[in-house]
Amino acid sequence: MALEMREACEKCSKQLTPTDEAYICTYECTFCPECSSTTNYVCPNCGGELVKRPRSK
């Protein structure tokens, strides 16, 4: 099962390429590093932990 590599931060709409640093929760909500930091790495949608998204090749 592959991750859905979303192309924008869900909070600020910053564009994210598959190789950009981004953070996701278990539901694959996606956030840029800046927005993840401001939420203390807690997903504002579900309350789950935000962890670094793997980068694709």
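Above this text is the structure in question.
Scope of this entry: the structure provided in the associated data block. Just so it is clear, the model here is predicted, and its values are computed rather than measured.

### Some details on the side chain of Glu28
In step 1: Topologically, Glu28 is positioned in the loop between β1 (23-24) and β2 (30-31).
In step 2: Despite its burial, Glu28 pairs with no opposite charge, the nearest such side chain being Arg6 at 5.0 Å.
In step 3: Within polar-contact distance, the side chain of Glu28 engages the backbone nitrogen of Glu4 at 2.8 Å.

### A closer look at the sheet that holds β2
In step 1: The strand order across the open sheet formed by 3 strands is β2-β1-β3, and the pairing between neighbours is antiparallel. The open sheet has two free edges, formed respectively by β2 and β3 (51-52), since each of these has just one partner strand.
In step 2: As judged from the 2 bridges shared by β1 and β2, these two strands associate in the antiparallel manner. Each bridged residue has a counterpart across the sheet, and for Tyr23 the counterpart in β2 is Phe31.

Scoring rules and cut-offs
- Residues numbered from 1 in each chain as written.
- Predicted model: local features only at pLDDT ≥ 70, side-chain atom pairs only at ≥ 80, totals over all residues.
- Heavy atoms only, no water.
- Helix = DSSP H or I, 4+ residues; strand = E, 2+ residues; numbered from the N terminus.
- Buried < 20%, exposed > 50% of the residue type's maximum accessible area, 1.4 Å probe, protein only.
- Lys, Arg positive; Asp, Glu negative; His and termini not counted.
- Salt bridge = Lys/Arg side-chain N within 4 Å of Asp/Glu carboxyl O.
- Polar contact = N/O pair within 3.5 Å; in protein donor to acceptor, adjacent residues only side chain to side chain.
- Pairing = 2+ DSSP bridges.

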